[in-house]
Amino acid sequence: MFIPETKIKIIKMLKDYFILSTKNLKRRGIRSWLTLLGIFIGITAVIALISLGDGLKLAVNSQFGVSSTQLITVQAGGLSGYGPPGSFVVNPLTKEDAEAIGKLSTIELAIPRRIETLNLEFNNKLQVTAVGSIPLENTQKIYELQEISAQYGRLLNKDDTGKVVLGNNLADPKKNGFDKEIMPGASVTIGGEKFRVVGIMEKKGSFILDSAILMLESDLKDLMNNGDKASMIIVKVKNKDLMAKAQTEIEDLMRERRDVKKGEEDFEVSTPEAMLATVNQILTGVQMFIVLIATIAIIIGTIGIINTMMTSVMERRKEIGIMKAIGARNSDIFLQFFIEAGMLGLVGGIIGVIAGITIGYAGTLGINYFIGSETSPTINFMLIFITLTGSFIIGAIAGITPAMKAARQNPVEVLRS
Amino acid sequence: MIKNSKIGKPKEVIHLHDVDRFYHMGENLVKAVNKMNICVKEGDFVAIMGQSGSGKSTSMNLVGSLDLPTHGKIYLDEKDTSKFTESDLAQLRGKKIGFIFQQFNLIPNLTALENVMLPMLFQNVDEYERKQRAKEILILVKLEKRINHYPNQLSGGEQQRVAIARALANDPEIILADEPTGNLDSRTGEIVMKFLNKLNEEGKTIVMVTHDKNLALEHAREIYWLKDGRVEKITRKFGKEWRKVSDCHVHSGN
């Protein structure tokens, strides 16, 4: 019976000090609030980073549009230069490279693909678009591998000469830049030649695929008029346990075929995992950097709170004296300043969380707008709770020394002035 | 409220016994208060009179147990204050003594009502009771229309009445008033003094520290005249006549 009663008393007392502290905070000058900038920036950075970082990773990952773990991509010249893969390469890949890879024991299938940049004309408007080739053999396989399906109309068959399938964004008048919907049956001009649209791809959430055109390999070769080169070779491995072995085999084979030494490769064999790992590594680096900035900001913020609380103790010496005169114990004074510092931190935290979420939202919307992905911003309530508790604790810790100083004030001070 | 249980020999609510209070000012030892004996009996109205530099402020701090003596003993409600921890003394002080200051000394962030509630918070009175009692006392000092005003929205007289209400919050036995009219015009000063007299009539012990001889002579029943940190003389009013008396130790035959 006795213990709960004391506990209730303590809780009630703490509530009173919270109210008292809030009142004191309300009447504070701008100067005190400015010292919160550090906490505010730190918390904003953390919250924005986490809600944006997850979104960013999701968005980037979705760009690859490949979920198959049995896929290997071979490209010439590495990933340098702008434009579609393989477009600025001195020594391009060939159909024969694909055939040779296809014969390796670990490989089920190797399909050469071309990706070119061509003008697309429609409704008297012109857009530069990426055009990907659909091979005449294994036509269905490439759809399976890249998980391509048609939302309207159909996909291309090997005898669909003069016909194309468009990415989802190209059909949408709001996104395609032609101010007019393109639907199956429409006629478009690509690279100066007329093509008929037979299908629109299902939305992939990937900027690359959703804005691309698919046409038969033979048509694209005729349009480009520069032989049988391949921009990339899409390789399917027999099973996913053979990925590492297959990668080594392909690298050995390509070195031999292109006559380059180990370490001097002018080509790249990459697995989706490796690509994602690279991207994620960069993103993690960025995150670490922001976390570092956030940490510094929070440390500065903590010092700011110590400083403003110290000033506050000096300014309110008289008030402390009055409180002691009318019966405040040292612990009463300590608690009041301690909680006030905590609340100061908490206010910084709340503003930071609001700003962070806003930035996270705006940022994610921005990413979606620019790369056409459809990621929704993540709001982690646990994170918000932890952040707010954390900012209160940071403030309170910063308040310990000033609160002790306040508690030790001599009540006689009040009567001297 | 009135505890005149022992008729003829009322309780000593405050007792300073051979109290010294010395300060170090650089190399010098300042004897702010020297061998001071003060006895305040329950229900009395005592003035501590002196010019600045007489040790008036220091003796006020000692009487209010805000400060501790260098030598000697101070008894508050017959308890030796040197035996208390700082926090226990604060609690005892909050309960037994209500302070009224020259500068009013209200907490600027709190409304009149909250200022009056504050001393009760330190005595762990729960919120509902604090509020009720604070309202009652504010009605008593005729500030019921001002309870939600902040100190800076109140006139000097009103602020001092809030301060009186605050001093009464814990129903203390002693009201310690430091130049209560010092910052007020004579008319408002009179109102404040009327309140103090009324409280005294109701049984509260009043100790007033002042430099104003006329104020002391008009309202107090006993006056301690301070000079250079010592009690120069003690006078007491018998009827309309002021007579010199000896201090309580001599008085009681010690």
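Residues numbered from 1 in each chain as written. Chains lettered and ligands numbered in written order. Predicted model: local features only at pLDDT ≥ 70, side-chain atom pairs only at ≥ 80, totals over all residues.

A. The overall build of chain B, seen in detail. Looking only at helices and strands, chain B has eight helices and 11 strands in total. Here chain B, with 254 residues, has 46% of them falling under the buried criterion. (Helix = DSSP H or I, 4+ residues; strand = E, 2+ residues; numbered from the N terminus. Buried ≥ 20, exposed ≤ 12 C-beta atoms within 10 Å, placed from the backbone.)

B. Expanded view of the overall build of chain A. When its secondary structure is counted, chain A shows 14 helices and 13 strands. Counting only residues that meet the buried cut, chain A has 42% of its 417 residues in that class.

C. Representation of the sheet that holds strand β5 (residues 79–80) of chain B in the model. All names here are of chain B. In space, the four strands of this open sheet follow the order β2-β1-β4-β5, with antiparallel pairing throughout. Since the sheet does not close on itself, it has two edges, and those belong to β2 (28–41) and β5, each with one partner. Bridge count between strand β1 (residues 12–25) and strand β4 (residues 71–76): five bridges; the pairing is antiparallel. Across the sheet, His15 pairs through a bridge with Tyr75, a residue of β4. (Pairing = 2+ DSSP bridges.)

D. Structural detail: the nonpolar core. Formed by 115 residues in total, the largest nonpolar core has its most connected members in Val116 and Val207 of chain B. Here this core gets 12 residues from one element, more than from any other, and that element is helix α12 (residues 330–371) of chain A. If we skip the residues at most four places from it in the chain, Val207 of chain B touches Ile14, Val40, Val46, Ile48, Val63, Ile174 and Leu176 of chain B. Counting residues in each nonpolar core, the second largest holds 52 residues, with Ile101, Ala130, Phe195 and Met201 of chain A among its members. (Core = buried A, V, L, I, M, F, W, Y, C linked by C-beta atoms within 7 Å. Contact = placed C-beta atoms within 7 Å.)

E. Broad picture of unusual backbone geometry. Residue and element names in this part refer to chain B. The phi torsion at Asp77 lies on the positive side, around 55°, for a residue other than glycine. For Asp77, the position within the fold is in the loop between β4 and β5. Take Asp77: there are 17 C-beta atoms within 10 Å of it, and that puts it in the partly exposed class. Non-glycine residue Glu78 carries a positive phi angle of around 65°. Along the chain, the position of Glu78 falls in the loop between β4 and β5. A tally of 10 C-beta atoms within 10 Å means that Glu78 is categorised as exposed.

F. Representation of the interface of chain A and chain B within the structure. Across the boundary between the two partners, chain A contributes 22 residues, which contact 28 residues of chain B. Secondary-structure elements contributing two or more residues to the side of chain A that touches chain B are α1 (2–26), α11 (317–325), α12 and α14 (412–416) of chain A. Element by element, the count of residues in the side of chain A that touches chain B is highest for α1 of chain A, at six residues.

G. Looking closely at the sheet that holds strand β9 (residues 222–227) of chain B. Residues and elements named next belong to chain B. In space, the seven strands of this open sheet follow the order β6-β7-β8-β3-β9-β10-β11, with mixed pairing throughout. In this open sheet, the two strands that pair with only one neighbour each are β6 (97–100) and β11 (241–245). Taken pair by pair, the neighbouring strands of this sheet meet at an average axis angle of 20°, ignoring direction. Alignment of strand β10 (residues 230–238) against β11, held across five bridges, turns out to be antiparallel. (Axes fitted to C-alpha atoms, helices over the stretch in contact; angles between N-to-C directions.)

H. Up close: helix α4 (residues 95–102) of chain A. All names here are of chain A. Among the residues of α4, those classed as buried are Asp97, Ala98 and Ile101. Angularly, the buried residues of α4 cover 100° about the axis, an arc narrow enough to put them on a single face. Across from the buried face of α4, at angles greater than 90 degrees, the exposed residues are Glu96 and Glu99. Turning to α4, the residues buried within the fold contact β1 (71–76), β2 (93–94), β3 (107–113), β11 (229–230), β12 (232–237) and α9 (243–258). (Arc of directions from axis to C-beta.)

I. Representation of the packing of helix α10 (residues 272–315) of chain A against helix α13 (residues 381–407) of chain A within the structure. Residues and elements named next belong to chain A. Remark: α10 packs on α13, axes separated minimally by 8 Å, with the N-to-C direction vectors making an angle of 25°. Of the possible angle classes, the one that applies to α10 and α13 is roughly parallel. The hand of the α10/α13 crossing is right-handed. Taken together, the residues of α13 that come into contact with α10 (itself represented by Ile298, Thr302, Ile305, Ile306, Met309, Met310 and Val313) are Ile394, Gly395, Ala398, Gly399, Thr401, Pro402, Lys405 and Ala406. Among the residues forming the contact of α10 with α13, the class breakdown is 10 nonpolar, four polar and one charged. (Parallel < 35°, antiparallel > 145°, perpendicular 65-115°, else oblique. Left-handed = near helix turned anticlockwise from the far one by under 90°. Nonpolar A, V, L, I, M, F, W, Y, C, P; charged D, E, K, R; others polar.)

J. Structural context of the confidence of the model for chain A. All names here are of chain A. Looking at chain A, the pLDDT average stands at 82 and 88% of residues meet or exceed 70. No element of chain A has a lower mean pLDDT than α14, which averages 64, and none a higher one than strand β7 (residues 163–166), which averages 92. Here residues 78–82 is a poorly scored stretch, pLDDT under 50, and it has three contacts once near neighbours within four places are set aside; other chains count. (pLDDT = per-residue confidence, 0-100.)

K. Quick peek at the environment of Thr210 of chain B. All names here are of chain B. Turning to its location among the elements, Thr210 is positioned in strand β8 (residues 205–210). The exposure class assigned to Thr210 is buried, which follows from the 23 C-beta atoms found within 10 Å. As a C-alpha pair, Thr210 and Thr181 span 29 residues in sequence and 9.0 Å in three-dimensional space. Once you skip the residues sitting within four places of it in the chain, Thr210 turns out to touch Ala47, Met49, Glu179, Leu215 and Ala216.

L. Focus on the environment of Lys262 of chain A. Along the chain, Lys262 of chain A turns up in the loop between α9 and β13 (267–270). When the C-alpha atoms of Lys262 of chain A and Asp252 of chain A are compared, they prove to be 8.6 Å apart, with 10 residues separating the residues in sequence.

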